[in-house]
Amino acid sequence: IKLDEDEATAIAFHIINASDTMNNIETRKIIIGVRDIVGIVKDNLKVELDQDSLGYSRFVIHLKFFLKGVLTHNVANNNTKNEFLIKLLSETNPDIRHCLNNIDQ
């Protein structure tokens, strides 16, 4: 079934809302945040993401939990493994550094 973007967003909104204790404002922020971050990744890294793939689904799930942590101020800022990986990737590939900076903004 082909859905237009508004209808798909509305369905996603209800699914996320039903699966969590977040309110409508938080849910909307997460949906918008996921859309924006996916767009930033596609634009900055010049990749096409297969929205039907398991990898894409996992990516979106990770973004949802990341953004929920941001909204609840429950994001670990001192995870040295993550800091090391981000630093390594950023130094290795300037496109990744640019992408991460855009997501951070």
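The model shown is predicted, which means the values in this text are computed figures rather than measured ones.

Brief notes about the environment of Thr-72
Piece 1. Locating Thr-72 in the fold gives a position in the loop between α3 (54–71) and α4 (80–92).
Piece 2. Along the backbone, Thr-72 and Glu-26 are 46 residues apart, and their C-alpha atoms lie at a distance of 9.4 Å.

Section: the packing of aromatic side chains
Piece 1. A complete count under the given rule lists 0 aromatic pairs for this structure.
Piece 2. For the cation-ring pair, Lys-64 lies above Phe-65, with the distance from its terminal atom to the ring centre recorded as 5.5 Å.

With respect to the nonpolar core
Piece 1. Core analysis: the biggest nonpolar cluster contains 10 residues, these being Ile-30, Val-34, Ile-37, Val-38, Ile-40, Val-41, Tyr-56, Leu-63, Leu-67 and Cys-99.
Piece 2. Among the elements of the structure, α2 (24–45) and α3 are those that each provide at least two residues to this core.
Piece 3. Top contributing element to this core by residue count: α2, with 6 residues.
Piece 4. Apart from residues lying up to four places away in sequence, Val-38 is in contact with Leu-49, Tyr-56, Phe-59 and Leu-63.

Overview of unusual backbone geometry
Piece 1. The backbone of Lys-46 sits at a positive phi, close to 55 degrees, despite the residue not being glycine.
Piece 2. Assignment of secondary structure puts Lys-46 in the loop between α2 and α3.
Piece 3. Judged by its relative accessible area of 72%, Lys-46 falls in the exposed class.

Description of the packing of α2 against helix α5 (residues 94–104)
Piece 1. Packing of α2 against α5 brings their axes to within 9 Å, and their N-to-C directions diverge by 155 degrees. It follows that α2 is roughly antiparallel to α5 by the angle criterion. Considering only the axes of α2 and α5, their crossing is right-handed. Each of Ile-37, Ile-40, Val-41, Asn-44 and Leu-45 in α2 lies in contact with α5, whose residues at this interface are Asp-95, Ile-96, His-98, Cys-99, Asn-102 and Ile-103.

Here's the deal with the confidence of the model for the protein
A low pLDDT score tells you not to read the predicted coordinates there in detail.
Piece 1. When pLDDT is averaged across the protein, the result is 83; 87% of the residues are at 70 or more.
Piece 2. When mean pLDDT is taken per element in the protein, α2 scores highest with 91 and helix α1 (residues 5–18) scores lowest with 71.

Thoughts on a negative patch on the surface
Piece 1. Together, Asp-4, Glu-5, Asp-6 and Glu-7 make up a negatively charged patch on the protein surface.
Piece 2. Structurally, the position occupied by Glu-5 is in helix α1.

Quick notes on the environment of Ile-86
Piece 1. You can see Ile-86 is positioned in helix α4.
Piece 2. Considering only alpha carbons, one finds Ile-86 and Arg-97, 11 residues apart in sequence, at a separation of 8.4 Å.

Describing the packing of α2 against α3
Piece 1. The N-to-C vectors of α2 and α3 enclose an angle of 125 degrees; their axes lie 9 Å apart at closest approach. In terms of orientation, α2 lies oblique with respect to α3. Helix-helix and strand crossings are classified by hand; for α2 and α3 the assignment is right-handed. Across the interface between the two elements, Glu-26, Lys-29, Ile-30, Gly-33, Val-34, Ile-37, Val-38 and Val-41 from α2 touch Tyr-56, Phe-59, Val-60, Leu-63, Lys-64, Leu-67, Lys-68 and Leu-71 from α3.
Piece 2. Among the residues forming the contact of α2 with α3, the class breakdown is 11 nonpolar, 1 polar and 4 charged.

Cut-offs applied
- Residues numbered from 1 in each chain as written.
- Predicted model: local features only at pLDDT ≥ 70, side-chain atom pairs only at ≥ 80, totals over all residues.
- Heavy atoms only, no water.
- Helix = DSSP H or I, 4+ residues; strand = E, 2+ residues; numbered from the N terminus.
- Phe/Tyr/Trp six-rings, centres within 6.5 Å; stacked < 30°, edge-to-face > 60°.
- Lys NZ or Arg CZ within 6 Å of the ring centre and 35° of its normal.
- Core = buried A, V, L, I, M, F, W, Y, C linked by side-chain atoms within 4.5 Å.
- Buried < 20%, exposed > 50% of the residue type's maximum accessible area, 1.4 Å probe, protein only.
- Contact = heavy atoms within 4.5 Å.
- Axes fitted to C-alpha atoms, helices over the stretch in contact; angles between N-to-C directions.
- Parallel < 35°, antiparallel > 145°, perpendicular 65-115°, else oblique.
- Left-handed = near helix turned anticlockwise from the far one by under 90°.
- pLDDT = per-residue confidence, 0-100.
- Patch = residues over 30% accessible without salt bridge, like charges linked within 9 Å, V, L, I, M, F, W, Y side chains within 5 Å.
- Areas by Shrake-Rupley, 256 points an atom, 1.4 Å probe, with all protein chains shown as cover.
- Salt bridge = Lys/Arg side-chain N within 4 Å of Asp/Glu carboxyl O.
- Lys, Arg positive; Asp, Glu negative; His and termini not counted.
- Charge placed at Lys NZ, Arg CZ, Asp CG, Glu CD.
- Nonpolar A, V, L, I, M, F, W, Y, C, P; charged D, E, K, R; others polar.

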